[in-house]
Amino acid sequence: MSVESPLMNTYGRLPIALSHGRGCRVWDTEGREYLDALGGIAVNTLGHAHPKLVPALQDQIAKLIHCSNYYRVPLQEQLAAKLVELSGLARVFFCNSGLEANEAAIKIARKYGHDRGIDLPEIVVYERAFHGRSIATLSATGNPKVQKGFEPLVPGFVRVPLNDVAALEDVARSRPNVVAVFLETIQGEGGINPARVDYLQAVRRICDERGWLLMLDEVQCGIGRTGKWFAHQWAGIKPDVMPLAKGLGSGVPVGAVVAGPKAADVLQQGNHGTTFGGNPLAMRAGLETLRIMEEEGLLDNAARVGVALKAGLERELAGVAGVADIRGQGLMIGVELDRPCGVLLQRALEAGLLISVTADRVIRLVPPLIMTEGEAAQVVEILCPLVKSFLAETPA
């Protein structure tokens, strides 16, 4: 007889509990070993138990975990300065998660509109987008499945398809209350859908022409995952607002909103805040993560290993009926099938591989940025036979 869980039934959990990890390997409580191609959903930048990160966090825990934003937090100032240096932007607000960072971005856009005399400001958002599960970020999200049951949604969002310049230009002509464009540089939960370089450049141009804020959600694709610090840097542009989280703390919860000159001073004292955001432990985790990434050349590693991983998948799955696309950049790769493939989560687990399936049909690979080419080859070796057998036995 099973014992009823005291937890709310919000997750369809796989039937294991992880015990510990090292590098790109984790072990469950039964002693079984797994190759981690999920990285805590693009969170464990440095893998598990990194020998430089662990003692730094132990040192910080022994000094100060939390104080309050009533006081200066020197580690906040240091991490903010580093993010400003890497992004070329101006100021930073720290919070606890990607959802909170995106919520702050929405508030910045609305305040920016009100400051310009627009009483009902609107924000352009995207089909298949995912920005979080609070009521505001859920309303910006482009997934009716996750919105269902939580209506009425927050108004003030105008939705367009990704990579369609004409659709955005139509909005520019017809919606005078628009104040910002809000998009993921690479849609993560939506199926690893990249915004094209020429599209990002066109959006930057339109925002400049209209005086809109360009807000790029880099929560999942930022912090080196594509081989540059931020995915939009491949397009040679800068956003006005950039939410970050996930990989910034290598597993310690931390979120950030980095703002350029147009948005840096929109929020003033009393407009926004957080109890836990910017605490010394999270800030130390962010600083050490970025420092170790630089020391170990992890941007170059993400680019190089990502090319090898994608090439291996393309080679092994070439010509396989049911494989619709293999896309992504760096260590953010999606394998799209022509049918729902959620059963592959359990099958991969049984084969010793951690992955996820998003948008019902897309296998998502977002491993730690320390992954080696040898480990990438192992991912291909484990995953591709599972995909082939699944497609052979499962009707479209």
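Anyway, here's the lowdown on the structure attached to this text. Keep in mind that what you see is a predicted model, and the values were worked out from it rather than measured. Along every chain, residues carry numbers that run from 1 in the direction the sequence is written. Thresholds applied to this predicted model are a pLDDT of at least 70 for local features of residues and 80 or more for the giving and counting of side-chain atom pairs; totals over whole chains, interfaces and linings are not thresholded and use all residues. Note: side-chain values were computed over all heavy atoms of the structure, leaving out hydrogens and water.

**Description of the sheet that holds strand S13 (residues 323-329)**
Here is step 1 of the chain: In space, the four strands of this open sheet follow the order S13-S14-S17-S16, with antiparallel pairing throughout. A strand with exactly one partner marks an edge of an open sheet, and here the two such strands are S13 and strand S16 (356-358). In this sheet, adjacent strand axes meet at a mean angle of 25° when their direction is disregarded.
Here is step 2 of the chain: At least two bridges found by DSSP between two strands is the condition for calling them paired. The way it works is that DSSP assigns letters per residue, a run of H or I at least four long becomes a helix, a run of E at least two long becomes a strand, and they are numbered from the N terminus. Of the pairings in the sheet, the one linking S16 to strand S17 (residues 362-365) comprises three bridges and is antiparallel in character. Whenever a helix is involved, its axis is fitted only over the stretch in contact; in every case the axis is a line through C-alpha atoms, and angles between N-to-C directions fall within 0 to 180 degrees.

**Section: the layout of surface pockets**
Here is step 1 of the chain: Each cavity reported here is a set of points on a 1 Å grid over the protein atoms alone in which a 1.4 Å probe fits but cannot get out, each pocket an open set with protein on both sides within 12 Å along at least five of seven lines, and each lining residue one with an atom within 4 Å of a point. Grid points are joined across faces, edges and corners, and a volume is the space filled by probe spheres set on the points. Counted as a void, the second largest pocket has a volume near 800 Å³.
Here is step 2 of the chain: What lines the second largest pocket is a set of 27 residues, and nearest its centre among them are Val92, Phe93, Phe94, Leu267 and His272.
Here is step 3 of the chain: Among the elements that take part in the lining of the second largest pocket, strand S4 (residues 91-95) stands out by supplying four residues, more than any other.
Here is step 4 of the chain: Partitioned by chemical class, the residues of the lining of the second largest pocket number 13 nonpolar, 10 polar and four charged. Classes in brief: Ala, Val, Leu, Ile, Met, Phe, Trp, Tyr, Cys and Pro nonpolar; Asp, Glu, Lys and Arg charged; the others, Gly included, polar.

**Digging into the side chain of Asn102**
Here is step 1 of the chain: Relative to the helices and strands, Asn102 resides in helix H4 (residues 98-115).
Here is step 2 of the chain: What Asn102 contacts, discounting residues up to four positions off in sequence, is His131, Thr137, Phe182, Asp217, Val219 and Pro243. Any two residues having at least one pair of non-hydrogen atoms within 4.5 Å are treated as being in contact.

**A look at the packing of helix H2 (residues 53-63) against helix H9 (residues 280-295)**
Here is step 1 of the chain: Interaxial distance between H2 and H9 falls to 10 Å at its minimum, and their mutual angle equals 155°. Taken together, the axes of H2 and H9 lie roughly antiparallel to each other. Judged by the twist between their axes, the crossing of H2 over H9 is right-handed. Two secondary-structure elements touch here, H2 through Leu53, Ala56, Leu57, Asp59, Gln60 and Ile61 and H9 through Pro280, Leu281, Arg284, Ala285, Glu288 and Ile292.
Here is step 2 of the chain: Partitioning the contact of H2 with H9 into residue classes produces eight nonpolar, one polar and three charged. Roughly parallel covers angles under 35 degrees, roughly antiparallel covers those over 145, roughly perpendicular covers 65 to 115, and oblique covers all other angles. Put simply, a crossing is left-handed when the front helix is turned counterclockwise from the back one by less than a right angle, and right-handed when it is turned clockwise.

**Focus on the pattern of salt bridges**
Here is step 1 of the chain: Salt bridges are defined as contacts in which a side-chain nitrogen from Lys or Arg sits within 4 Å of a carboxyl oxygen from Asp or Glu. Scanning all chains against the criterion turns up 33 salt bridges.
Here is step 2 of the chain: Note that Asp59 is salt-bridged to Lys63, the shortest N-O span being 3.2 Å. Placement of the pair is Asp59 and Lys63 together in helix H2, with a separation of four residues, close to one helical turn.
Here is step 3 of the chain: The exposure class assigned to Asp59 is partly exposed, which follows from its relative accessible area of 29%.
Here is step 4 of the chain: Residue classification places Lys63 among the exposed positions, given a relative accessible area of 58%. Burial status follows relative accessibility: with a 1.4 Å probe on protein chains alone, a residue under 20% of its type maximum counts as buried, one over 50% as exposed, and anything between as partly exposed.

**What to know about empty space enclosed by the protein**
Here is step 1 of the chain: Taken as a whole and judged by the stated rule, the model has one cavity of 30 Å³ or more.
Here is step 2 of the chain: His66, Cys67, Ser68, Asn69, Val73, Gln76, Thr275, Phe276, Gly277, Gly278, Asn279 and Pro280 are the residues that line the largest cavity.
Here is step 3 of the chain: Grouping the constituent residues of the lining of the largest cavity by class yields four nonpolar, eight polar and no charged.

**Focus on the sheet that holds strand S1 (residues 18-22)**
Here is step 1 of the chain: The sheet built from four strands is open, its strands ordered S1-S2-S3-S15 with mixed pairing. In this open sheet, the two edge strands, each paired with only one partner strand, are S1 and strand S15 (353-354).
Here is step 2 of the chain: With two bridges connecting them, strand S3 (residues 33-36) and S15 associate as parallel partners. In the sheet register, Asp36 faces S15, and the bridge partner there is Leu354.

**Topic: the environment of Val387**
Here is step 1 of the chain: Along the polypeptide, Val387 turns up in helix H12 (residues 373-393).
Here is step 2 of the chain: When its relative accessible area of 0% is taken as the criterion, Val387 is described as buried.
Here is step 3 of the chain: Note: C-alpha distance between Val387 and Gly142 (245 residues apart in sequence) is 28 Å.
Here is step 4 of the chain: What Val387 contacts, discounting residues up to four positions off in sequence, is Leu317, Val323, Leu337, Leu344 and Ile363.

**Describing H9**
Here is step 1 of the chain: For H9, which comprises 16 residues, the first-to-last C-alpha distance of 22 Å matches the rise-based estimate of 22 Å (1.5 Å per residue) to within 8%.
Here is step 2 of the chain: Its side-chain oxygen 3.1 Å from the backbone nitrogen of Leu281, Asn279 forms the N-cap of H9.
Here is step 3 of the chain: One or two steps after H9, the chain reaches Gly297, where phi turns positive at roughly 60°. Under the convention used throughout, the expected extent of a helix is 1.5 Å for every residue step, that is, one less than its residue count. Pairs of N or O atoms are called polar contacts if they sit within 3.5 Å, as long as, within protein, a hydrogen donor faces a hydrogen acceptor (for residues adjacent in sequence, only side-chain-to-side-chain pairs).

**As for the packing of helix H10 (residues 298-317) against H12**
Here is step 1 of the chain: At a closest axis distance of 9 Å, the pairing of H10 and H12 adopts a crossing angle of 25°. In terms of their interaxial angle, H10 and H12 are classed as roughly parallel. For the element pair H10 and H12, the recorded crossing hand is right-handed. Note on element contacts: H12 touches H10 through Glu373, Ala376, Val379, Val380, Leu383, Cys384, Val387 and Lys388, opposite Arg304, Val305, Ala308, Leu309, Gly312, Leu313, Glu316 and Leu317.

**Considering the environment of Ala321**
Here is step 1 of the chain: Along the chain, Ala321 falls in the loop between H10 and S13.
Here is step 2 of the chain: The spatial distance from the C-alpha of Ala321 to the C-alpha of Leu337 is 9.1 Å, given a sequence separation of 16 residues.
Here is step 3 of the chain: Once you skip the residues sitting within four places of it in the chain, Ala321 turns out to touch Arg339 and Leu391.

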